[in-house]
Amino acid sequence: MDKFRMIFQFFQSNQESFMNGICGIMALASTQMYSAFDFNCPCLPHYNLAYGLGILLVPPFILFLLGFVLNNNISMLAEEWRRPQGQRGKDPAVLRYMFCSMAQRAMIAPAVWVSVTLLDGKCITCAFCTSVPVESLGNASHPHLSQGEIQRVLARIPCKEIYNGQQLIANEVAVRYLRCISQALGWCFVLLMTTLAFLVRSLRPCFSQAAFLKSRYWSHYIDIERKLFDETCAEHARSFAKVCIQQFFEGMSTDLVAARCHLPRKAPADAGEAAEKLLGITDQGTMNMALKSWHRCKPPLNLHPPALPTGNGWAGEGQPPTHPSAPRRETAAYYSWV
Amino acid sequence: MDRFRMIFQYFQSSSESVMNGICGLLALASVKMYTSFDFSCPCLPQYNMAYGLGIMFVPPIILFLCGLILNRQSLVMLEEWRRPPGHRKKDLAVIRYMCSSIMQRAMVAPVIWIIVTLLDGKCLICAFSGSMDPEKFVGFANVSTVQVQQLLAKVPCKDDELVGNNTSRKAVSRYLRCCSQALGWSILLILIIAAFLARWLRPCFNQATLLQARHWSNYIDIEKKIFEEACCEHSRLFAHKCILHFFESMRQEIKLHSFSLPREEEPAEGEADLLRGITDQDQVNKLLKTWYYEKPPLDVS
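Predicted, not measured: the structure shown is a model, and the values here were computed from it.

1. So, the pattern of salt bridges
Thought 1: Scanning the model with the defined rule gives 18 salt bridges over all chains in all.
Thought 2: One salt bridge in this structure joins Glu223(B) and Arg88(B), with 2.7 Å as the shortest N-O distance. Of the two residues, Glu223(B) sits in helix H10 (residues 207-258) while Arg88(B) sits in the loop between helix H4 (72-82) and helix H5 (92-120), which places them 135 residues apart along the sequence.
Thought 3: Glu223(B) sits in the partly exposed class, given a relative accessible area of 28%.
Thought 4: Here the salt bridges do not stand alone but share partners, grouping Arg216(A), Glu79(B), Lys224(B) and Glu228(B) into one network.

2. With respect to the domain arrangement of chain A
Residue and element names in this part refer to chain A.
Thought 1: Entries for chain A in the domain assignment read domain 1 (1-207) and domain 2 (209-258).
Thought 2: The gap between the C-alpha centroids of domain 1 and domain 2 is 43 Å.
Thought 3: Of all residues in domain 1, the largest losses of buried area upon contact with domain 2 belong to Met76, Tyr97 and Arg204, amounting jointly to 40% of the total for that side.
Thought 4: At the junction of domain 1 and domain 2, the tally comes to two salt bridges.
Thought 5: The partner of arginine 88 in a salt bridge is glutamate 225, with the nearest N and O atoms 2.8 Å apart.
Thought 6: Remark: the boundary between domain 1 and domain 2 carries four residue pairs in polar contact (both at pLDDT 80 or more).
Thought 7: For the side of domain 1 that touches domain 2, the secondary structure elements donating two or more residues are helix H2 (15-36), helix H4 (73-82), helix H5 (92-120) and helix H9 (171-207).
Thought 8: Broken down by element, the residue count for the side of domain 1 that touches domain 2 peaks at five residues, all from H4.
Thought 9: Each residue belonging to the side of domain 1 that touches domain 2 can be placed in one class, and the counts come to seven nonpolar, four polar and six charged.

3. A few points about the interface of chain B and chain A
Thought 1: Each side of the interface is counted separately: chain B has 75 residues, and chain A has 67 residues.
Thought 2: Taken over both partners, the interface formed by chain B and chain A buries close to 6,900 Å², and the fraction arising from carbon and sulfur atoms is 67%.
Thought 3: A per-residue breakdown of the area chain B buries against chain A is headed by Ile69(B), Gln281(B) and Lys295(B), which together make up 10% of the total.
Thought 4: The interface formed by chain B and chain A contains three salt bridges.
Thought 5: Linking Arg216(A) and Glu228(B) is a salt bridge whose minimum nitrogen-to-oxygen distance equals 3.3 Å.
Thought 6: At the boundary of chain B and chain A, one finds twelve residue pairs in polar contact (both at pLDDT 80 or more).
Thought 7: Elements represented by at least two residues in the side of chain B that touches chain A include exactly helix H1 (2-13), helix H3 (47-70), H4, H10, helix H11 (269-275) and helix H12 (281-293) of chain B.
Thought 8: No other element matches H10(B), which puts 14 residues into the side of chain B that touches chain A.
Thought 9: Looking at side-chain class alone, the side of chain B that touches chain A contains 46 nonpolar, eleven polar and 18 charged residues.

4. A short note on the UniProt feature "transmembrane region" (unreviewed entry) in chain A
Residues and elements named next belong to chain A.
Thought 1: Residues annotated in UniProt with the feature "transmembrane region" (unreviewed entry) correspond here to residues 21-37, 49-70 and 184-203.
Thought 2: Split by type, residues 49-70 is 95% helix and 0% strand. Its first and last C-alpha atoms lie 32 Å apart.
Thought 3: Across residues 184-203 one finds 100% helix and 0% strand; the C-alpha atoms that close the span lie 28 Å apart.

5. Quick word on helix H3 (residues 45-69) of chain A
Thought 1: In this model, H3(A) (25 residues) spans 37 Å end to end at C-alpha, consistent with the 36 Å of a helix rising 1.5 Å per residue.
Thought 2: When H3(A) is considered as a whole, its buried residues turn out to be Asn48(A), Gly52(A), Ile55(A), Leu56(A), Pro59(A), Pro60(A), Leu63(A), Gly67(A) and Phe68(A).

6. Examining the state of the cysteines
Residues and elements named next belong to chain A.
Thought 1: Evaluation of the coordinates by the stated rule reveals four disulfides over all chains.
Thought 2: The disulfide that involves cysteine 41 links it to cysteine 126, with 2.0 Å between the sulfurs. The chirality of the disulfide connecting cysteine 41 with cysteine 126 is right-handed, given an S-S dihedral of about 85 degrees. With a gap of 85 residues between them, cysteine 41 in the loop between H2 and H3 and cysteine 126 in helix H6 (residues 122-128) connect regions that are remote in the sequence. With respect to burial, cysteine 41 and cysteine 126 carry one shared label: buried.
Thought 3: With its sulfur 1.7 Å from that of its partner, cysteine 43 forms a disulfide with cysteine 159. Linking cysteine 43 and cysteine 159, the disulfide has an S-S dihedral of approximately 90 degrees and is accordingly described as right-handed. Residue cysteine 43 is located in the loop between H2 and H3, and its partner cysteine 159 is located in the loop between helix H8 (147-155) and H9; the two are separated by 116 residues in the primary sequence. For the residue pair cysteine 43 and cysteine 159, the accessibility class agrees, reading buried in each case.
Thought 4: Across chain B, the way the bonded cysteines pair up, counted in sequence order, is 1-3, 2-4.
Thought 5: Along chain A, the cysteines engaged in disulfide bonds are linked according to the scheme 1-3, 2-4 when indexed in sequence order.

Procedures and definitions
- Residues numbered from 1 in each chain as written.
- Chains lettered and ligands numbered in written order.
- Predicted model: local features only at pLDDT ≥ 70, side-chain atom pairs only at ≥ 80, totals over all residues.
- Heavy atoms only, no water.
- Salt bridge = Lys/Arg side-chain N within 4 Å of Asp/Glu carboxyl O.
- Helix = DSSP H or I, 4+ residues; strand = E, 2+ residues; numbered from the N terminus.
- Buried < 20%, exposed > 50% of the residue type's maximum accessible area, 1.4 Å probe, protein only.
- Domains from an automatic or database assignment.
- Buried area = accessible area lost by both parts, 1.4 Å probe.
- Polar contact = N/O pair within 3.5 Å; in protein donor to acceptor, adjacent residues only side chain to side chain.
- Nonpolar A, V, L, I, M, F, W, Y, C, P; charged D, E, K, R; others polar.
- Contact = heavy atoms within 4.5 Å.
- UniProt positions renumbered as here; feature names shortened; annotations may be inferred.
- Expected span 1.5 Å × (residues − 1).
- Disulfide = S-S within 2.5 Å.

As structure tokens, this is what we get:
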């Protein structure tokens, strides 16, 4: 358990490696999705191209958007972009840095999908089987077949069981040809992506190292500041709630004492802490009333002690009006969430 | 638990072992990629050589670039190379040392790919079946030139109907595979001997310079890490102070505007600290609104 927590903390503290972890998981998920996906070429002239190219291009787009959605920093970027200037200037270099680093990570899973698809070959075979050069690979002189017929026959190349054009062009020859083209495209694509990544990574220290260090520092700063602010607010909310509830119980106990005119009880000398924690509520009826009151009439979100109901001249002069607005606050308490 | 943390720290601190780990992972990935890649020779005269040689040489380039990208030290080296001298002179020996160690590690995965490809044989059979001399093989000897090119191109495809059971096809295939495996083993032997000699003979040349270069390259790496950690720590403290200042200034503003009476009951001391003077819903809402609309300036003096 401890070990697990340490690993978790390590990844959390090091934002970049956490994001890299998510990135790697998405890349693996992408390959897994592809192998689990049951590719089914329609083997019809006009549908093949749409299906093949759709499977090649739509999932990468989805994965790209998912890469942004799963990245915690997107809300941070949006917030920093849209906030009013106030007393703190906005640095477009920082925004650009954050966006670029998110976009780079989000590009990995789509690139993996496209490479795996091209290297596997099924998509390109399905999409372009009607464009196979029959003249060079098969018998173009096969008689009595109109253009449309030829297209229909060629469209069935990916579906071996129903292929009936063996005289026109052998199925294995066409499939091998298309697959070879697809794999060549795949390797070229991977080479291109790797070269781009290499150039981006290696040209940076040559040109803008100082600006890069600055942007990186301030983007980390914005992230840490946001987290610390959330932690501080959470701490504050905790203390607020504690004091509010304490004041509620004290209020209840004072009300009960006033209502029942209890004789001052002799608290046992050695009750100590336990008696304090009971907060004056010591029997079933009282507890039930406290719980009912908590449900029916939650206390206002205001830790100042309220002014006495019989005005004694002190209430006024800019003191925040507690009683008239208490109902408003009670309603507001259900909607505004810190 | 302690042991685990120690291992973690060891890997973190020793850049070289992290790099060796990455190098090993890339080598394994290279083998895995080759076995999962579905090699399918086009068996067409003009395409075979391009495909075969492409599969043999393009993935190693990709693996080499990946080895450079994933190696943190390459960034360190580039930064050291391009930095202005300032108060600290640049030592070319250190840069050369880092460069050579990066290149050596990056070359491992491509070399493994090439060797695995050669030992397997499919690439060479695909690439060079069309360049065989048909006279040497009985089945292809008395066939016209154009046809023989076609037949030779189909040699890598075992299940092709034209040459499927042709014994000459098997002969060409075996011959090419034998050449390919011989080449693969020779390259492996040469590389291992070269590595052995380099490692053994290195102490005979410039050992002192080498020790210095290694020390200072390690130093540069550690210095960069510690600088990044110091910046993180600093930004954390900066943010903490900034937020405290912000809460304090909100408390002052609220005091100025609300003229609240001194309260008879104070919440417990500890809680008062944490509440920082913000004690009702409106004040909290104002604080949050101000945080968004008017972030405090980056100045904690």
